[in-house]
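# Coordinate inspection notes
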Amino acid sequence: MTDSKNNKLTKINAVRGMNDLLPADAQAWQHLDHVLQDLTRAYGYEYLRTPIVEMTAVFQRGVGEATDIVEKEMYSFEDRLNGEQLTLRPEGTAAIVRAVIENNLIYEGPKRLWYTGPMFRHERPQRGRYRQFHQFGIEALGFAGPDIDAEIILMGQRLWDELGLKGVRLEINSLGQADERAQHRAALVTYFEQHKDKLDEDSQRRLLTNPLRILDSKNPEMQALIEGAPKLLDFLGEASLKHFAAVQDLLKANNIPCKINPRLVRGLDYYNLTVFEWVTDELGAQGTIAGGGRYDPLIERMGGKAAPACGWAMGMERVLELMKVSGSLPESIPQCDVYMLHQGGETLKAALVIAERLRNAGIDTILFCPPDGESASFKSQMKKADASGAAYALIIGPDELNKNEAQLKDLRGTGEQQAVALEQAVEAVINALVGSSE
Ligand code: ATP
Ligand code: MG
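Residues numbered from 1 in each chain as written. Chains lettered and ligands numbered in written order. Predicted model: local features only at pLDDT ≥ 70, side-chain atom pairs only at ≥ 80, totals over all residues. Heavy atoms only, no water.

## Focus: the overall build of the protein chain
Within the protein chain, the regular secondary structure consists of 15 helices and 16 strands. Taking 22 Å as the expected radius of gyration for a compact globule of 438 residues, we find that the protein chain reaches 29 Å, considerably beyond that expectation. Counting only C-alpha atoms, the protein chain reaches 95 × 65 × 45 Å along its principal axes. For the protein chain, buried positions account for 47% of its 438 residues. By sequence separation, contacts in the protein chain at least 24 residues apart represent 70% of the contacts at least 6 residues apart. As displayed, the protein chain offers around 22,900 Å² of accessible surface, 50% of which is attributable to carbon and sulfur atoms. Where the 49 positive side-chain charges of the protein chain centre and where its 62 negative ones centre are 4 Å apart. (Helix = DSSP H or I, 4+ residues; strand = E, 2+ residues; numbered from the N terminus. Rg over C-alpha atoms; globule rule 2.2 N^0.38 Å. Buried < 20%, exposed > 50% of the residue type's maximum accessible area, 1.4 Å probe, protein only. Contact = heavy atoms within 4.5 Å. Areas by Shrake-Rupley, 256 points an atom, 1.4 Å probe, with all protein chains shown as cover. Lys, Arg positive; Asp, Glu negative; His and termini not counted. Charge placed at Lys NZ, Arg CZ, Asp CG, Glu CD.)

Encoded structure:
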């Protein structure tokens, strides 16, 4: 691409709403990844990775046609080499269920699974809302009882505690079963039709496609109307109420406070019975950090043998932002133990050999490489060594090399410097590092 006026090459930017993870933020993400690995291991969840691209039908059928995601947020395209209809995954669950069915994973019994990775939704980018974002999610497939609903919620609570998040609230609701929702839906339609003039454009459309979703509306002018709408909880039968009560009971036994939010319906079509979200007031409009629930109908709907399931997904960007606001991001740890300085030529050769030996011994080492491929003064190299966060500098100049020595300089403590024999350089570094960590 060239700028026509001065024929200069112009730069190409990233796609809007899709962000680079810069080195300065990498450690926070790695920390989160570690905590998530420990969490899933603690509860016996196994990792499953699906591709980033799926057949569009996976989400049309899995997420549901009358949802925000399928209606307007999917990156769908035709593979022009074979005409297949494909979609960049907007969420994890439908793809996980596709993989579970395709690979017969619950043939022999229930499975606890987890996943993580980028998701894609064509939304208006703003704080906490991106077009490529990252989710971590868990799915427990083949379990029918309220115990597993409680287990996955406990995992969430443990995670927030582990990450030091402050002010995260659990909201919970029951969507009952399809026949109960159908009765509620009829009552909802009657109610909203009586007040059709007060419905905004989105809600008028939803009245025909998915009236339950009107309850989800954030439009302030519709709130009073929504407050007065028939509540789904009043339409639940005995079995649904029993399941809901049992989940709450198990949460109570574990001291997990929750608020029943009768308007919590979740944006996706596949849920039944328990649904829940974790919300915070600390992140402005994008206050939901995670959400999920039971989705017993989904596996059969995706072409598998009917089996119950439940799970939740969290937005990693929002969780990291909340960690930042809560002051619980870990301090950054220096990248290396030793920084190696030299003067090019034979000293570079010696430094390269020693650097490899250090790494063989498990010592993280950065070797100075002059940007111009020549060499640089020790003064400017020492600045880089200081900035690297290394504990020690190992210096090999021509004088040192003549004596088969190197200078070992303490960068964090006293600044002390001592000559060490090249042959013993690795041992000297190990001793120094052990000494300084005592
Ligand atoms: P919202 O109501 O904020 O649009 P959602 O109901 O569409 O959220 P889910 O499909 O339940 O979200 O996804 C689970 C989590 O993923 C959300 O709670 C949120 O933390 C995160 N998330 C969803 N969409 C985005 C996005 N565009 N950018 C960043 N995070 C997102
Ligand atoms: Mg959304």
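Moving on from the coordinates now.
## Focus: the pattern of salt bridges
Within this structure, the stated rule accounts for 21 salt bridges. Among the ionic pairs, E227 bridges to R263, the shortest N-O distance being 3.3 Å. With E227 in helix α8 (residues 223–227) and R263 in the loop between β8 (259–260) and β9 (272–279), this pair connects stretches of sequence that are 36 residues apart. Using a relative accessible area of 48% as the deciding quantity, one classes E227 as partly exposed. Each of D68, K72, R206, R213 and D216 takes part in salt bridges that share partners, so that together they form one network. (Salt bridge = Lys/Arg side-chain N within 4 Å of Asp/Glu carboxyl O.)

## Topic: helix α13 (residues 378–388)
Q381, M382, A385 and S388 are the residues of α13 that are buried. Burial along α13 is one-sided: seen end-on, the buried residues are contained in an arc of 115°. In α13, the exposed residues that point more than 90 degrees away from the buried face are K379, K383 and A387. Those residues of α13 that are buried are in contact with β12 (338–342), β13 (365–367), β14 (392–396) and β15 (405–410). (Arc of directions from axis to C-beta.)

## Observations regarding the domain arrangement of the protein chain
Domain parsing of the protein chain yields domain 1 (23–176 + 236–326) and domain 2 (338–432). Centre-to-centre, using C-alpha coordinates, domain 1 lies 49 Å away from domain 2. (Domains from an automatic or database assignment.)

## Re the site of ligand 1
Lining the immediate surroundings of ligand 1 are 15 residues, of which R121, E123, R129, Y130 and R266 lie closest. Y130 is positioned such that a nitrogen or oxygen atom in its backbone is 2.9 Å from a nitrogen atom of ligand 1. Between ligand 1 and R266, the relevant distance is 2.7 Å, taken from an oxygen atom to a side-chain nitrogen or oxygen of the residue. Taking 580 Å² as the accessible area of ligand 1 by itself, protein coverage stands at 88%. Broken down by element, the shell around ligand 1 gets its largest block of residues, three residues, from strand β10 (residues 288–294). (Near = heavy atom within 4 Å. Polar contact = N/O pair within 3.5 Å; in protein donor to acceptor, adjacent residues only side chain to side chain.)

## What to know about the packing of aromatic side chains
A full pass over the atoms with the stated rule returns eight aromatic pairs. With centroids separated by 5.7 Å and ring planes inclined at 65°, the aromatic side chains of F136 and W312 adopt a geometry described as edge-to-face. With F136 in strand β6 (residues 132–141) and W312 in strand β11 (residues 309–315), this residue pair connects regions lying 176 residues apart in the sequence. Judged by its relative accessible area of 2%, W312 is buried. An angle of 70° between the planes, with centres 5.2 Å apart, marks the rings of Y191 and F192 as edge-to-face. Among the aromatic residues, those joined into a ring-pair cluster are Y47, W114, F136, W160, F276, W278 and W312. (Phe/Tyr/Trp six-rings, centres within 6.5 Å; stacked < 30°, edge-to-face > 60°.)

## A word on the nonpolar core
Residues L141, F192, L215 and Y295 are the most contacted members of the largest nonpolar core, which totals 46 residues. Among the elements that line this core, the one with the most residues is helix α4 (residues 93–102), at five residues. Look past the residues within four positions of L141 in its chain and what remains in contact with it is V97, V100, I106, P110, K111, L113, Y295, I299, P308 and A309. Listed in part, the 41 residues of the second largest apolar core include L32, L36, C310 and M323. (Core = buried A, V, L, I, M, F, W, Y, C linked by side-chain atoms within 4.5 Å.)

## Examining the side chain of R131
Tracing the backbone through its elements, the reader meets R131 in the loop between β5 (111–120) and β6. E123 provides the closest opposite charge to the buried, unpaired R131, separated from it by 8.3 Å. If near-sequence neighbours (up to four positions away) are discounted, R131 is found in contact with R16, G17, M18, Y75, M119, F120, R121, H122, E123, R124 and P125.

## Describing the sheet that holds β13
Pairing within the open sheet is mixed, and its five strands lie in the order β13-β12-β14-β15-β16. Strands at the two margins of the open sheet, each flanked by one partner only, are β13 and β16 (417–421). Neighbour-to-neighbour, the strand axes of this sheet turn through a mean angle of 25°, independent of strand direction. Packed onto the sheet, helix α15 (residues 425–437) meets β12, β14, β15 and β16 and runs at close to 160° relative to β14. (Pairing = 2+ DSSP bridges. Axes fitted to C-alpha atoms, helices over the stretch in contact; angles between N-to-C directions.)

## As for unusual backbone geometry
With phi around 55°, N104 is a residue other than glycine that occupies positive phi space. Positionally, N104 belongs in the loop between α4 and β5. With phi around 45°, L273 is a residue other than glycine that occupies positive phi space.

## As for helix α6 (residues 178–194)
Helix length check: α6, at 17 residues, gives a terminal C-alpha distance of 24 Å against a target of 24 Å (1.5 Å per residue), a fit within 8%. Residues E180, R181, H184, L188, V189, Y191 and F192 constitute the buried set of α6. Here the buried residues of α6 occupy an arc of 165° about the axis, which is enough to place them on one side. Exposed positions of α6 whose direction lies more than 90 degrees from the buried face are D179, Q183 and Q194. Buried residues along α6 sit in contact with α7 (201–209), α8, α9 (238–253) and β9. (Expected span 1.5 Å × (residues − 1).)

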